[in-house]
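Below are the chains, spelled out letter by letter.
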Amino acid sequence: MEEERGEEGEGERERGVAQEGGLGAPKPLPPPSSSSSSSSKIAAPPDKKPRASPEAEPQPPCLYSQAPVDLAFLLDGGVRVPANREAVSAGSEFFRALLSGRFSEARDLESGDPIPIREVSPQSFTPVMHYLHGCCGEKEAAERVGCPQIRALGAPLTGQPFERTPLAHAMTGASRFLLPEFQALLEGMLSLGSGSGDDRCPGVVSVDLGVLPSLYRFSWLHHYPALGRRCLRFLFLGSPSLGEAGSCLAELYRECEAPGRLSQEIEELVREALR
């Protein structure tokens, strides 16, 4: 009988615990100490990190680096450049014909071999790949800002011939692979005294008279006729002094491969100014 009463007493104690807080219920948190300030903040849960300010957040990578790769181009010197077939075909008639026609490059694609691209430097070809994969498109502005290749195009000119600059390399590739929208975007980055620029690519590259002769020569070698006319307009209408303009004009004639065409353009510019 005593054993039964002991078991009943133990059961009553267990039922009392269950009625108060439930079996396995967590113990109540102790009250805050009197020294705690009422304005103290509650710490974030251990499985969540406090949200950083927008300025502290790292910039996202470029869209080209995030694209799924299903083919590779092989440049002179053995340089392999990865790409996405859908992206390059959708953005370029040149690559669409190259990859979908009866060209040998299309057969290389089916066999898994890299597709050879001749007579183009990596410095000119890589910006084209960034453009075709969306790094300079109309959408996803935040991702464009995060593309280091596109940011590098806005590097200031440092007195070297224009054709050696990152922007010139990109413009060469845009012309070579028949990308008129990319050509216009890159040309819009050049400021010849007017502060013009395209907001789809960060940075505006200022041009002075020291760079103007090589820029004019580049414009005709790589099919940027409007840029050549802008150079002449800046020379005659925006030069800081007649002496500097005269020296620049003499340098233009020394570097120009078609002086007769240069003279014709100057004559047309003068007629336009006199109207």
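Since this is a predicted model, take the numbers as computed values, not measurements. (Residues numbered from 1 in each chain as written. Predicted model: local features only at pLDDT ≥ 70, side-chain atom pairs only at ≥ 80, totals over all residues. Heavy atoms only, no water.)

## Focus on the packing of aromatic side chains
Each aromatic ring pair is summarised here by two numbers: the centre-to-centre distance and the angle between the ring planes.
Point 1. Throughout the structure, instances matching the rule amount to 10 aromatic pairs.
Point 2. Their ring planes at 55° and their centres at 5.3 Å tell us that F73 and F95 sit as a pair that is tilted. Placement of F73 in strand 1 (residues 71–75) and of F95 in helix 4 (residues 93–100) is noted, with a sequence separation of 22 residues between them.
Point 3. Counting every residue linked through ring pairs, the aromatic cluster contains F73, F94, F95, F125 and F177.
Point 4. Of note, R261 hangs over the ring of W220, and the distance from its end group to the ring centre comes to 4.1 Å. (Phe/Tyr/Trp six-rings, centres within 6.5 Å; stacked < 30°, edge-to-face > 60°. Helix = DSSP H or I, 4+ residues; strand = E, 2+ residues; numbered from the N terminus. Lys NZ or Arg CZ within 6 Å of the ring centre and 35° of its normal.)

## Comments concerning the sheet that holds strand 2 (residues 80–83)
Each strand in a sheet pairs with its neighbour through backbone hydrogen bonds, running either in the same direction (parallel) or in the opposite one (antiparallel).
Point 1. An order of 2-1-3 is seen for the 3 strands of this open sheet, with the pairing classed as mixed. In this open sheet, the two edge strands, each paired with only one partner strand, are strand 2 and strand 3 (115–117). Averaged over neighbouring strand pairs, the angle between their axes works out to 30° when direction is ignored.
Point 2. Packed onto the sheet, helix 6 (residues 122–132) meets strand 1, strand 2 and strand 3 and runs at close to 160° relative to strand 1. (Pairing = 2+ DSSP bridges. Axes fitted to C-alpha atoms, helices over the stretch in contact; angles between N-to-C directions. Contact = heavy atoms within 4.5 Å.)

## Focus on the pairing of strand 2
Point 1. What you see with strand 2 is a clean split: V81 and A83 sit on the buried side and R80 and P82 on the side with no burial.
Point 2. Relative to strand 2, strand 1 runs antiparallel, the two sharing 4 bridges. The partner of L74 across the bridge, within strand 2, is R80.
Point 3. Counted along the chain from strand 1 to the antiparallel partner strand 2, the turn is 4 residues long, and its residue G77 has a positive phi close to 90°. (Buried < 20%, exposed > 50% of the residue type's maximum accessible area, 1.4 Å probe, protein only.)

## Examining unusual backbone geometry
Point 1. In this structure, E119 takes a positive phi of about 55° despite not being glycine.
Point 2. Residue position: E119 is located in the loop between strand 3 and helix 6.
Point 3. Overall, E119 belongs to the exposed group, its relative accessible area being 71%.
Point 4. Backbone geometry at L178 places phi at a positive 55°, although glycine is not the residue there.
Point 5. By the secondary structure assignment, L178 is in the loop between helix 9 (166–176) and helix 10 (180–187).

## Points about the confidence of the model for the protein chain
Point 1. Here the protein chain shows a mean pLDDT of 77. Residues at 70 or above account for 66%.
Point 2. For residues 13–57, every residue scores under 50 in pLDDT, and the model assigns this stretch 5 contacts once sequence neighbours within four places are set aside.
Point 3. Counting contacts from residues 195–201, a segment whose pLDDT is below 50, to residues more than four positions away or on other chains yields 22 contacts. (pLDDT = per-residue confidence, 0-100.)

## Examining helix 11 (residues 212–221)
Point 1. The buried fraction of helix 11 amounts to 7 of the 10 residues, a majority that puts the element mostly inside the structure.
Point 2. Here helix 11 has its buried residues at L212, P213, S214, L215, Y216, F218 and S219.
Point 3. Buried residues along helix 11 sit against helix 9, strand 4 (190–191), helix 12 (225–237), helix 13 (242–255) and helix 14 (259–274).
Point 4. Among the residues trailing helix 11, H223 stands out with phi positive, at a value near 65°.

## So, the pairing of strand 1
Point 1. Burial analysis of strand 1 places 4 of its 5 residues in the buried class, which makes it a mostly covered element.
Point 2. Pairing geometry for strand 1 and strand 3, over 3 bridges, is parallel. Each bridged residue has a counterpart across the sheet, and for F73 the counterpart in strand 3 is I115.

## Observations regarding the state of the cysteines
Point 1. Going through the model one piece at a time under the given rule, you end up with 0 disulfides.
Point 2. C135 forms no disulfide, and the closest cysteine sulfur to it belongs to C147, at a distance of 3.7 Å.
Point 3. By relative accessible area, which is 0% here, C135 ends up buried.
Point 4. C231 forms no disulfide, and the closest cysteine sulfur to it belongs to C248, at a distance of 8.6 Å.
Point 5. What makes C231 buried here is its relative accessible area of 1%. (Disulfide = S-S within 2.5 Å.)

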